[in-house]
Amino acid sequence: SPAPTWTRSYGGSAWPSASGHNWPPPSYSSGHVWPPSSSSSSSSSSAVPLSSGGVENSTTNSTDTQQCRRTKVVVLGAGIAGITAAQQLALANISDFIIVEYTSSIGGRVAHTTFGNDSNGNPYVVELGANWVQGTATDGGPSNPIWTLAQKWNLTNTYSNYSDILTYDQSGYNDYSDLLSNYEDAYATLEQDAGTILVENLQDRSVRSGLRLADWNPARDAQKQAVEWWEWDWEFAFPPEQSSQVFGIVNYNTTFYQFSADNNYVFDQRGFNAFIIGEASTFLAANDSRLLLETVVTNISYSDTGVTITNEDGSCVSADYAICTFSLGVLQNQVVDFEPRLPDWKEAAIASFAMGTYTKIFLQFNETFWPEATQFLLYADPATRGYYPVFQSLSTPGFIEGSNIIFVTVVDQQSYTVEAQSDEETKEQVMGVLRTMFPDIIVPEPTAFMYPRWSEVPWAYGSYSNWPVGTSLQSHQNLRANVGRLWFAGEATSSEYYGFLHGAYFEGEEVGGRIAELVLGEQSCAVGNETGAYCGVGEVHYEVLQGVTPEGEYDIQNGWDVSSFQTVGDV
Ligand SMILES: Cc1cc2nc3c(=O)[nH]c(=O)nc-3n(C[C@H](O)[C@H](O)[C@H](O)COP(=O)(O)OP(=O)(O)OC[C@H]3O[C@@H](n4cnc5c(N)ncnc54)[C@H](O)[C@@H]3O)c2cc1C
């Protein structure tokens, strides 16, 4: 299929041009806060009301005097989950839906910008968010849907060879690659143990505990820490201490053993989101009034009979159903008000799962001074675990050859540090590391430098979610479950593939399909008799979650010799 063209505009906002200039704004690469604040993007959508839909009086406080646009289904967010959900509605011949999106383009956390220049002075396009199709396909096996779509839309990509790595420390190049296989031996044990824990319904552990039991203990060894960071944190955006052994292993297995072990790196100069825009173009027309870009949702009022959303610009949409695809970070930061307040079980689930931050810091030089043929350079900092640990060359043959671009990734605490400090401070630190790695070379100053600040992006508040220790499948089901006519989808609601693009895709597909069934089944459901298969039956949820130790077992036999419920002044 041909790739979409780039000049048309939807909802009054230009789509990213081939040079990617529309969003984020060009000023971004010179160290300005990214993306533009909501106030600069709050100009109301220029989309006109749906000709097929009417208006109705809103019942919410915030929209008392408003006439809301009326639709069957409102999809909140135009990332991969939202677009896939809307596509399911369209495939079921339901055209009465509206998609509401904060930013000026489709794609969400699949986002790119321009960076540096080629020898003709034309900027390159680099990915700020998702970069890999993770787990592709094997002959005769199931295909990762993102891989299928990457091929359909001809995304430029190449195999990322994680074995093509050189190791460095404070002395410069230092071959400690044997530690990689030591870690992998321990990982095999971690994996087996996770299977036992799952099958025997034992208590979950942290990956740290599991690794220790597998005789992997980096302690203060900087080289081991760097290897562990590369093998674990680089994927999960959290350290082993904060990751569930069972669900972390499941997450890895279901992607890399089911689809394939390959990670393919996308460097399409249209931007990775070309495939999402391509899919959107199969059911949205140019300037489709059902896509409201640059529209910031601030309030969601839900019940068992419908949902009304109110936007920052005062407009509102009233629908029979809503599908909320906002990131876990957005939900956790309470920037959207829910009316009524979300039930306790839902709030607890939102609070319990973890939103990570993964920051790619891009540098361009006037030469490729690092080993040109190598894809990855791993640096072990003697003082701080995770301090600018993984450099990735884009100049390498098969990638953006000759671009002289390299980027370094940080996550978690180091991300927050980097995202809170100035570009200048970060540049100085990264250059310090590069000069340590290459003591025999005069490392030049970069000609371009840029990184996004995902933890501060008000429509994401982080990069992707992680499954922490101490949470169960039941607590995850509560994250996924609907409340009344308000449904949830996105990478974080995927129990197997959380964090991944394909997780978001599968969740959008599932919930979009479920809502399509509900809408189509409505005729057969009498009002007040919502019990049939298609009559409002929602996702499973648990009002309360049981712990593992009944109260009676907090007793002297178990070493518990005072009451747990002390009151100040008790004697
Ligand atoms: C740095 C980084 C690297 C990554 N690397 C990979 C990778 O290599 N491979 C991979 O598979 N995955 C990767 N991911 C994860 C992947 O990008 C996500 O899992 C996926 O894009 C999430 O899609 P989604 O539809 O669930 O959410 P989103 O893409 O976040 O879509 C939600 C949409 O809702 C909108 N929204 C939020 N708040 C509001 C509001 N108040 N009003 C209106 N609209 C709102 C947002 O603007 C957004 O467009 C990465 C992510 C990041 C950030």
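Our subject is the structure that appears above.
Summarised in this report is the structure supplied together with it.

Definitions and limits used
Residues numbered from 1 in each chain as written. Predicted model: local features only at pLDDT ≥ 70, side-chain atom pairs only at ≥ 80, totals over all residues. Heavy atoms only, no water. Buried < 20%, exposed > 50% of the residue type's maximum accessible area, 1.4 Å probe, protein only. Helix = DSSP H or I, 4+ residues; strand = E, 2+ residues; numbered from the N terminus. Arc of directions from axis to C-beta. Contact = heavy atoms within 4.5 Å. Pairing = 2+ DSSP bridges. Axes fitted to C-alpha atoms, helices over the stretch in contact; angles between N-to-C directions. Parallel < 35°, antiparallel > 145°, perpendicular 65-115°, else oblique. Left-handed = near helix turned anticlockwise from the far one by under 90°.

Okay, helix H10 (residues 412-420) next. Listed in full, the buried residues belonging to H10 are Asp412, Gln414, Ser415, Val418 and Glu419. With its buried residues spanning 145 degrees around the axis, H10 presents them on a single face. More than 90 degrees from the buried face of H10, the exposed residues found are Gln413 and Ala420. Contacts from the buried residues of H10 go to strand E19 (358-364), strand E22 (405-411) and helix H11 (423-437).

Each turn of an α-helix holds 3.6 residues, which means side chains three or four residues apart point in the same direction. Along helix H12 (residues 473-480), the positions that sit buried rather than exposed are Ser475, His476, Asn478 and Leu479. One side of H12 carries all its buried residues, which in axial view fall inside an arc of 155 degrees.

Moving on to the sheet that holds E19. One open sheet accounts for seven strands, arranged E11-E10-E20-E21-E22-E19-E23; its pairing is mixed. At either end of the open sheet lies a strand with only one pairing partner, and these are strand E11 (172-173) and strand E23 (448-450). Examined bridge by bridge, strand E20 (residues 376-379) and strand E21 (residues 390-393) share three bridges and lie antiparallel to one another. Bridge assignment links Leu377 to a residue of E21, and that residue is Phe391. Against the sheet, H10 contacts E19 and E22, and its axis sits at roughly 115 degrees relative to E22.

Turning our eyes to something else, we now look at the packing of helix H1 (residues 80-91) against helix H13 (residues 501-521). In the contact formed by H1 and H13, the axes pass within 7 Å of each other and the chain directions differ by 30 degrees. By the angle between their axes, H1 is roughly parallel relative to H13. The interaxial crossing formed by H1 with H13 has right-handed handedness. The residues of H13 that touch H1, namely those facing Ile80, Ala81, Thr84, Ala85, Gln88 and Leu89, are Leu501, Ala504, Tyr505, Gly508, Glu509, Gly512, Gly513, Ile515 and Ala516.

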